[in-house]
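These are the residues of each chain, in order.
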Protein chains: 2
Amino acid sequence: MINSRLSVAIHILSLLASHPRDRLTSEYIAGSVQTNPVVIRRLTGMLRKAGIVTSSPGTAGAVLTKAPVEITLLDVYDAVFAGEDLFSIHNTPNPDCQVGRNIQDTLDTHFERAEQAMKDELARQTLADTMEHLFA
Amino acid sequence: MINSRLSVAIHILSLLASHPRDRLTSEYIAGSVQTNPVVIRRLTGMLRKAGIVTSSPGTAGAVLTKAPVEITLLDVYDAVFAGEDLFSIHNTPNPDCQVGRNIQDTLDTHFERAEQAMKDELARQTLADTMEHLFA
DNA sequence: GATTTTGTAACTGATTCTGTTACAGGATCG
DNA sequence: CGATCCTGTAACAGAATCAGTTACAAAATC
């Protein structure tokens, strides 16, 4: 339902974490994800803006700025979905109806709680957990 | 990010709950949501298949099968997103790479926990809570 | 029998998503 | 210094999804 950005971003970070000494090119990573290198560079750009990795033009590879145990999946989620709400609310309910007038506030409250619960759970899981599961 | 089906479905149920004696037509409900009546009938159909409302061809209106306090937002979520996963996982990671080979299982585990946390929170909120917020 | 309504299929335009091409500019190495 | 490799980013394309719409058969009502 939600797009695969979080999925690919975690894949990228897993590769970086598992080859800490190598400088993995976007082409190499794309080979593991099986997609186009530009897809990797786009996501790496989001991770960089969020401060999760460093990378620079011309220099191969990206480097984690923190240990995997300090990178939560919420950090990654926030990096690739910056500022987006989980649930959409329909735009223009009818203000001449009490339900229509108040439904957006009400849904905001409900949805905010659900989204927060999901984020709390993502915050409990880290890239170190991912690595453990991958290499167990 | 997620589409507005849950949002509109809760709007529909709120109207039904707040006019328990009237037979609200899809056109009336569409007037409050400000959309097309077919959009309402489509969602009402999903709610009917899930057993949350009854309705039948020719007869105006839909009727809740349970009291609002017994209808959780998870019931509504399941009705309109039957069987869909919250997060997408990229299709064909490279099996010749240990990360690629195991990433789908790993992500499944992570995402399942996050999705379940979100659903647990939706299950804690009911249509009665919605009504209270709407009419407080 | 005329009218109203639901249920559902089919289509449309807008948007989003993933993949792709293209290229400017930084880094590296002979 | 020039060739090569790489990143970052813009721009575009096809596929998929979404919300809205038209159309109509069949059921209910008056």
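Residues numbered from 1 in each chain as written. Chains lettered and ligands numbered in written order. Predicted model: local features only at pLDDT ≥ 70, side-chain atom pairs only at ≥ 80, totals over all residues. Heavy atoms only, no water.

The name given to chain A in an unreviewed UniProt entry is Transcriptional regulator, BadM/Rrf2 family, with Salibacterium qingdaonense as the source organism.

With that settled, the discussion passes to the protein's contact with DNA strand C. Around DNA strand C sit 25 residues, and of these Ser4 and Thr35 of chain A together with Ser26, Arg41 and Ser55 of chain B come closest. Sugar and phosphate atoms form 60% of the subset of DNA strand C atoms that lie within 4 Å of the protein. At 3.0 Å, a side-chain N or O of asparagine 3 of chain A approaches a phosphate oxygen of DNA strand C. Glycine 58 of chain B places a polar main-chain atom, nitrogen or oxygen, 3.3 Å from a sugar or linking oxygen of DNA strand C. Going through the elements one at a time, helix H3 (37-49) of chain A together with helix H3 (37-49), strand S1 (53-56) and strand S2 (59-64) of chain B are the ones with two or more residues in the surface near DNA strand C. Tallied by class, residues from the surface near DNA strand C come to six nonpolar, 13 polar and six charged. (Near = heavy atom within 4 Å. Polar contact = N/O pair within 3.5 Å; in protein donor to acceptor, adjacent residues only side chain to side chain. Helix = DSSP H or I, 4+ residues; strand = E, 2+ residues; numbered from the N terminus. Nonpolar A, V, L, I, M, F, W, Y, C, P; charged D, E, K, R; others polar.)

Before going further, it helps to spend a moment on the relation of the copies chain B and chain A. Note on the identical chains: chain B maps onto chain A by a rotation of 180° and an axial translation of 0.0 Å, with an RMSD of 0.0 Å. The transformation relating the two chain copies, once decomposed into turn and shift, fits a two-fold axis. Residues of chain B ranked by C-alpha distance from the rotation axis are headed by methionine 118 of chain B, positioned 2.3 Å from it. (Least-squares fit on C-alpha atoms with pLDDT ≥ 70 in both.)

With that settled, the discussion passes to the protein's contact with DNA strand D. Near DNA strand D there are 25 residues, and of these Ser26, Arg41 and Ser55 of chain A together with Ser4 and Thr35 of chain B occur at the shortest range. Restricting the count to atoms of DNA strand D within 4 Å of the protein gives a sugar and phosphate share of 63%. Within the contact set of DNA strand D, a phosphate oxygen lies 3.4 Å away from a backbone nitrogen or oxygen of glycine 61 of chain A. Elements with a minimum of two residues in the surface near DNA strand D: H3 of chain A together with H3 of chain B. Taken together, the residues of the surface near DNA strand D break down into six nonpolar, 13 polar and six charged.

Attention shifts here to the packing of aromatic side chains. Tallying each qualifying case throughout the model produces six aromatic pairs over all chains. Measuring from centroid to centroid gives 5.0 Å for tyrosine 77 of chain A and phenylalanine 81 of chain A, while their planes differ by 65°, and the two rings are edge-to-face. The exposure class of tyrosine 77 of chain A is buried, given its relative accessible area of 1%. Note on tyrosine 77 of chain A and phenylalanine 87 of chain B: the rings are 6.4 Å apart at their centroids and 90° apart in plane angle, and the pair reads as edge-to-face. With tyrosine 77 of chain A in helix H4 (residues 73-80) and phenylalanine 87 of chain B in the loop between helix H4 (73-80) and helix H5 (98-123), this pair bridges two chains. Comparing tyrosine 77 of chain A with phenylalanine 87 of chain B shows no difference in burial state: the two are buried. (Phe/Tyr/Trp six-rings, centres within 6.5 Å; stacked < 30°, edge-to-face > 60°. Buried < 20%, exposed > 50% of the residue type's maximum accessible area, 1.4 Å probe, protein only.)

So, about the pattern of salt bridges. Taken as a whole, this structure holds 10 salt bridges over all chains when the rule is applied. Its salt-bridge partner being lysine 66 of chain A, residue aspartate 75 of chain A comes within 3.8 Å of it at the nearest N-O pair. Aspartate 75 of chain A gets classed as partly exposed once you look at its relative accessible area, which sits at 26%. Residue classification places lysine 66 of chain A among the partly exposed positions, given a relative accessible area of 34%. With a closest N to O distance of 2.9 Å, arginine 113 of chain B and glutamate 121 of chain A form a salt bridge. One end of the pair, arginine 113 of chain B, is in helix H5; the other, glutamate 121 of chain A, is in helix H5 (residues 98-123), on a second chain. We classify glutamate 121 of chain A as buried; its relative accessible area is 9%. (Salt bridge = Lys/Arg side-chain N within 4 Å of Asp/Glu carboxyl O.)

For the rest of this paragraph, the subject is a negative patch on the surface. Residue and element names in this part refer to chain A. There is a patch of like negative charges on the surface, built from Asp85, Asp105, Asp108 and Glu112. With respect to the helices and strands, the residue aspartate 108 is situated in helix H5. Residue aspartate 108 is classed as partly exposed on the basis of its relative accessible area of 43%. (Patch = residues over 30% accessible without salt bridge, like charges linked within 9 Å, V, L, I, M, F, W, Y side chains within 5 Å. Areas by Shrake-Rupley, 256 points an atom, 1.4 Å probe, with all protein chains shown as cover. Lys, Arg positive; Asp, Glu negative; His and termini not counted. Charge placed at Lys NZ, Arg CZ, Asp CG, Glu CD.)

So, about the interface of chain B and chain A. The partner chain A presents 54 residues to the 54 residues of chain B that form the contact. There are two salt bridges connecting chain B and chain A. Scanning the region where chain B abuts chain A turns up 26 residue pairs in polar contact (both at pLDDT 80 or more). Elements represented by at least two residues in the side of chain B that touches chain A include exactly helix H1 (5-18), helix H2 (26-33), H4, H5 and helix H6 (127-135) of chain B. Of all the elements, H5 of chain B adds the most residues to the side of chain B that touches chain A, at 17 residues. Split into classes, the residues belonging to the side of chain B that touches chain A amount to 25 nonpolar, 23 polar and six charged. (Contact = heavy atoms within 4.5 Å.)

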